[in-house]
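Structural characterization, general
Letter by letter, the chains look like this.
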Amino acid sequence: MNRALILVNITALIIGISYGLHGPILPLFAKNVIGATYSELGLIGLTNFIPYMFIPLFVGILLDRFNSGYLLALGAAINSASIYLLSIAQSVPEIMGFRIMTGVAHAFFWPPCQAIIATESTEKNRVKNISWFTMFFVIGFMVGPLLGTVFLEGLDITYRILFQITAFILATAIISALIISRKRVRTHHERLSFSSIKEMKRFPEVIILLIFCTSSFGIILTIYPAFLNDNGMGATDILLLYFVFGISRVVSLALVGKFAKYSSQTLIAATMAVSIGLAISVVADSIIGFAVSLILMGFGFSIFFPLTLEIILSKTRKEISGRLIGAYETVFGIGWAIGPIIGGPITQSFGDETPYLIFCVIGIGVTLFAIMSRKKLEPQRIQR
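Now for a quick tour of the structure.

What counts and how
- Residues numbered from 1 in each chain as written.
- Predicted model: local features only at pLDDT ≥ 70, side-chain atom pairs only at ≥ 80, totals over all residues.
- Heavy atoms only, no water.
- Helix = DSSP H or I, 4+ residues; strand = E, 2+ residues; numbered from the N terminus.
- Rg over C-alpha atoms; globule rule 2.2 N^0.38 Å.
- Buried < 20%, exposed > 50% of the residue type's maximum accessible area, 1.4 Å probe, protein only.
- Contact = heavy atoms within 4.5 Å.
- Areas by Shrake-Rupley, 256 points an atom, 1.4 Å probe, with all protein chains shown as cover.
- Lys, Arg positive; Asp, Glu negative; His and termini not counted.
- Charge placed at Lys NZ, Arg CZ, Asp CG, Glu CD.
- Axes fitted to C-alpha atoms, helices over the stretch in contact; angles between N-to-C directions.
- Left-handed = near helix turned anticlockwise from the far one by under 90°.
- Nonpolar A, V, L, I, M, F, W, Y, C, P; charged D, E, K, R; others polar.
- Salt bridge = Lys/Arg side-chain N within 4 Å of Asp/Glu carboxyl O.
- Core = buried A, V, L, I, M, F, W, Y, C linked by side-chain atoms within 4.5 Å.
- Parallel < 35°, antiparallel > 145°, perpendicular 65-115°, else oblique.
- 1 Å grid on protein atoms, 1.4 Å probe; cavity = no way out; pocket = protein on both sides within 12 Å on 5 of 7 lines; lining within 4 Å.
- Points joined across faces, edges and corners; volume = space filled by probe spheres on them.

**Brief notes about the overall build of the protein**
Counting its secondary structure elements, the protein contains 19 helices and zero strands. At 19 Å, the protein has a C-alpha radius of gyration in line with the 21 Å of a compact globule built from 384 residues. Dimensions of the protein, computed from C-alpha atoms along their principal axes, come out at roughly 55 × 45 × 30 Å. The buried share among the 384 residues of the protein stands at 58%. Of all intrachain contacts in the protein linking residues separated by at least 6 positions in sequence, the fraction that spans at least 24 positions is 87%. Total accessible area on the protein is roughly 14600 Å²; 68% of this is exposed by carbon and sulfur atoms. Across the protein, 28 positive and 19 negative side-chain charges occur, with their mean positions spaced 15 Å apart.

**Quick word on the environment of F305**
Locating F305 in the fold gives a position in helix 17 (residues 287–313). Counting along the chain gives 46 residues from F305 to F259, while the straight-line C-alpha distance between them is 12 Å. Setting aside residues up to four positions removed in sequence, F305 forms contacts with W110, Q114, I130, T134, Y328, E329 and F332.

**Quick notes on the packing of helix 12 (residues 204–222) against helix 16 (residues 263–283)**
Contact geometry of helix 12 with helix 16 gives a least axis separation of 11 Å together with a crossing angle of 30 degrees. The handedness of the crossing between helix 12 and helix 16 is left-handed. Between helix 12 and helix 16, the residues in contact are L209, F212 and S216 and L267, T271, V274, S275 and L278, respectively. Considered class by class, the residues forming the contact of helix 12 with helix 16 number five nonpolar, three polar and no charged.

**Focus: the pattern of salt bridges**
Scanning the entire structure with this criterion turns up one salt bridge. Between K31 and D230 there is a salt bridge; the shortest N-O distance is 3.2 Å. Taken as a pair, K31 in helix 2 (residues 26–34) and D230 in helix 13 (residues 224–230) lie far apart in primary sequence, 199 residues in all.

**Here's the deal with the nonpolar core**
In this structure, I95, F109, F137, I220 and Y224 are the most contacted members of the largest nonpolar core, which totals 119 residues. With 14 residues, helix 17 is the single largest residue contributor to this core. The contacts of F109, once residues within four sequence positions are left out, are T11, A12, I15, L72, F133 and F137.

**Brief notes about the environment of S131**
Take S131: it is sitting in helix 8 (residues 126–154). When residues no more than four places from it in sequence are discounted, the contact partners of S131 are L253, V256 and P306.

**Points about the packing of helix 1 (residues 3–22) against helix 10 (residues 173–181)**
It is at 9 Å that the axes of helix 1 and helix 10 come closest, and there the two elements cross at 160 degrees. Classified by the angle between their axes, helix 1 and helix 10 sit roughly antiparallel to one another. Between helix 1 and helix 10 the crossing geometry is left-handed. Residues R3, A4, L7, V8, T11, I14 and I15 of helix 1 form the contact with helix 10, whose participating residues are A173, S176, A177, I179 and I180. Residue composition of the contact of helix 1 with helix 10, by class: nine nonpolar, two polar and one charged.

**Things to note about empty space enclosed by the protein**
All told, the structure shown has two cavities of 30 Å³ or more when counted by the stated rule. Here the largest cavity is characterised by a volume of approximately 590 Å³. Around the largest cavity, the lining is made up of 34 residues, and of these Y19, F49, F141, L221 and W336 lie nearest the centre. Class assignment of the residues belonging to the lining of the largest cavity gives a composition of 21 nonpolar, 10 polar and three charged.

Written as C-alpha cells, this is what we have:
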C-alpha cells in the first residue's frame, strides 16, 4: 500500500473516531438538553444530509480539476468548526444550521478520498483498497463511542465539552490531508459538466438498492439513538450498542474481498440483513435484542458501499471517475435525507416502532427486486 493510501486511511480513522464520539450522542443532546421532538430530530437529520444531495456533484467536478488533498483538508476544517459550534447551540434551529455545515463538509471528505483511492488503485485491488478505507473509518466510528463512554462516565464531562473535544480530534485530519496534497497534482482538466448525472442513470438497479440502504442508515444515525433511549437504554448503553454496530461493520468489511466474488448474492443478503435487523428492532426489549439488530444492519450497510461503488467504477472510464463518484455520493445524500424526513414525522404521529416496520416491508420488496436484477449487480471490466 503506497503512501497516499496510508494517509487516506489515517484520515478516515480520525474522522471516524470523531463521528463515533459525537454522532450517537447528538440526538440525546437535542432531545434531553434542547428539548427536541422526534419530528425535530428528523429535521436535524434532514438538514445534515440535504447538502449531500447536491454538494458531491460540485465536488466531483472539482476533483477532475483541482488537488484532491486540498479539497479533503477544506472538508476537515469545515467539519471541525461545525462540531465545535454544537457546543454552544441553544435551540433546534441552531443545531440545524450547524448540521448543514457538517453535511457540506462531509461532501468534501468521501468523494476526494474515493478519487484518491481510484487513482492509486488497479482494477485488481480497487475493491480491497476501498474496503480498507471504509474499514478504517468504521474502526474509528467503533472506537469513538468507547471514548465517549470514558469521557461521559469516567471524566463526568457534559455533552457540550464532548463536542469540543471531538472538534479538536477531527481537526488533526487537516494535517494528513495537507500531506496528501503535496504529492497530488492534476495532470488533466476535464471540462465542467454535469454529464455524471446521465452516467448514473445507467445504473438504476444500483440506485434503488442505494436509496433503500442509505435511507435506512439515515434513520439509524439520526433517530435510532433517541428510540433506544425511550426503550430504556441509557447514554452508556447506546454508546456500547454503537460499538457493537461498529464491530459488525469492521468484520464485514474485512471479508468484503471474498464477498466481491459473489457481488449480486452478497447485495441480496445485505438487503435481507437490513430488513431483518429493522424487524428485530420493532420487537426487541433488551440490550441483547438491539445488539442483534445492529449487528445485522451493520453487515448490510457496510457491504453495500464497496460493492456498489465497484460496480459503477468497473463500467466507467477512469478519466471521468471523479465526476461519477460525485454523482454516486449524491445518491447517498438523497437516501440519507429521505430516512430522517420520513422517519421523524412517522415516529411522532404513529409511534416509536412504526418507521422500522415500514422500512422492513420496503426492504423485503427491494430484496425481491435485487433477486430479479442479480445479473445487473455484477461488476464488468471494460477496456480503458
